[in-house]
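Listed below, chain by chain, are the residues.
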Amino acid sequence: MSEAQVPLAAGDEAARFRLGVIDHALRLFAEQGYEATSVDAIAAAAGISRRTFFRQFGSKEDVVFADHEAQLAWARGYLGAAQGDPWDAVCEAIVGLFERFTQTRELAARRYQVVREVPALRDREIVTVFRYERLFTEFLRERRPEVADLRLIQFTAAVTATHNYLLRRMLRGQAEAGPGELRAALAAIPRGPAEELVVAVVPGNMSPRRVADLLAERLGNL
């Protein structure tokens, strides 16, 4: 079964069509080089016209990351329907994205190799990653408005980076990370408001009871 035939979006012919064109494009980029591959060559390999290609994708650069549109739409829908703890919802959305990307593992691995070799595509990848971070941050802003914005951004940047790190290790053949490993790594990321740290300096000969009483007294006056 080719990557274009993997049932990533069962029953959605338009999504499968786009995935098939992406598959052909990345294969040609890997074989011939990004700059040496023309839109006409991609269209011919996919069995579509040049006009259809531009109507669906816009450019060679767009086709490399086109499946991210479906992934972002899925994540947006998942978060929109999420109940319960919003921090957990973001983590589960990240795990869901990880599982969806691994359904088209060969395609993702081919894209990883192509992007590594083309500076313009590396820049575009940074922008694409930021779109996920922004989606998660906006969700948390809505669900946890009392939390400082910097805290939210730190969290979403960390969970996105963790996902990308494990996915890339898998694509390079360095690890066989699965949803369980990803969940464990995400669980270690601090969430929620930052806790205040109180440092007390007391005489070494002070009794534990007196230390406790003194702390209770001072903290009560903060």
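Whatever comes next refers back to the structure up there.
Residues numbered from 1 in each chain as written. Predicted model: local features only at pLDDT ≥ 70, side-chain atom pairs only at ≥ 80, totals over all residues. Heavy atoms only, no water.

(A) How the structure looks around the packing of helix H1 (residues 13-32) against helix H2 (residues 39-46). Where H1 meets H2, the axes come as close as 9 Å, and the angle between the chain directions of the two elements is 125°. One element, H1, and the other, H2, form an angle in the oblique class. Note on packing geometry: the crossing formed by H1 with H2 is right-handed. Seen from H1, the contacting residues are Val21, His24, Ala25, Arg27, Leu28 and Phe29; seen from H2, they are Ala41, Ile42, Ala45 and Ala46. (Axes fitted to C-alpha atoms, helices over the stretch in contact; angles between N-to-C directions. Helix = DSSP H or I, 4+ residues; strand = E, 2+ residues; numbered from the N terminus. Parallel < 35°, antiparallel > 145°, perpendicular 65-115°, else oblique. Left-handed = near helix turned anticlockwise from the far one by under 90°. Contact = heavy atoms within 4.5 Å.)

(B) Geometry of the nonpolar core. In this structure, Leu79, Val90, Phe136, Phe155, Val159 and Leu186 are the most contacted members of the largest nonpolar core, which totals 34 residues. Those elements that provide at least two residues to this core are helix H5 (67-81), helix H6 (86-103), helix H7 (105-117), helix H8 (119-143), helix H9 (149-171) and helix H10 (179-187). Per element, the largest residue contribution to this core is 10 residues, and it comes from H6. Within the second largest apolar cluster, 23 residues are counted, among which are Val21, Val39, Phe53 and Val118. (Core = buried A, V, L, I, M, F, W, Y, C linked by side-chain atoms within 4.5 Å. Buried < 20%, exposed > 50% of the residue type's maximum accessible area, 1.4 Å probe, protein only.)

(C) Inspection of the side chain of Asp67 at higher detail. Relative to the elements of secondary structure, Asp67 occurs in helix H5. A polar side-chain atom of Asp67 sits 2.4 Å from a polar atom in the side chain of Arg111. In this view, Asp67 contacts Leu19, Ile22, Phe101, Leu107 and Arg111; residues no more than four positions away in its chain are not counted. (Polar contact = N/O pair within 3.5 Å; in protein donor to acceptor, adjacent residues only side chain to side chain.)

(D) Broad picture of the packing of aromatic side chains. If you walk through the whole model with that rule in mind, you get 5 aromatic pairs. On the basis of an interplanar angle of 25° and a centroid distance of 5.4 Å, the ring pair of Trp74 and Tyr78 is categorised as stacked. Linking Trp74 with Tyr78, this pair stays in helix H5, spanning 4 residues, or about one helical turn. Residue classification places Trp74 among the partly exposed residues on the basis of a relative accessible area of 27%. Accessibility expressed as a relative area gives 32% for Tyr78, which makes it partly exposed. An aromatic cluster of at least three residues, connected via ring pairs, comprises Phe53, Phe54 and Phe57. Lys60 extends its terminal NZ or CZ atom over the ring of Tyr34, reaching a point 4.4 Å from the ring centre. (Phe/Tyr/Trp six-rings, centres within 6.5 Å; stacked < 30°, edge-to-face > 60°. Lys NZ or Arg CZ within 6 Å of the ring centre and 35° of its normal.)

(E) Here's a closer look at the environment of Asp85. With respect to the helices and strands, Asp85 occurs in the loop between H5 and H6. For the pair Asp85 and Arg144, spaced 59 residues apart in the sequence, the C-alpha separation amounts to 9.7 Å. Polar side-chain contacts of Asp85 include one of 3.1 Å to the backbone nitrogen of Trp87. A distance of 2.8 Å separates a polar atom in the side chain of Asp85 from the backbone nitrogen of Asp88.

(F) Region of interest: H8. For H8, with 25 residues, the first-to-last C-alpha span of 37 Å sits near the 36 Å given by 1.5 Å per residue. Three or more residues of H8 are buried, namely Leu121, Thr128, Val129, Tyr132, Glu133, Leu135, Phe136, Thr137, Phe139 and Leu140. Its buried side turned inward, H8 meets helix H4 (60-64), H5, H6, H7 and H9. (Expected span 1.5 Å × (residues − 1).)

(G) Representation of the pattern of salt bridges within the structure. Under the defined criterion, the tally for this structure stands at 12 salt bridges. Linking Arg111 and Asp67 is a salt bridge whose minimum nitrogen-to-oxygen distance equals 2.4 Å. In this pair, Arg111 is assigned in helix H7 and Asp67 in helix H5, connecting sequence segments 44 residues apart. For Asp67, a relative accessible area of 6% corresponds to the buried category. One salt-bridge network, in which partners are shared between bridges, spans Glu61, Asp62 and Arg124. (Salt bridge = Lys/Arg side-chain N within 4 Å of Asp/Glu carboxyl O.)

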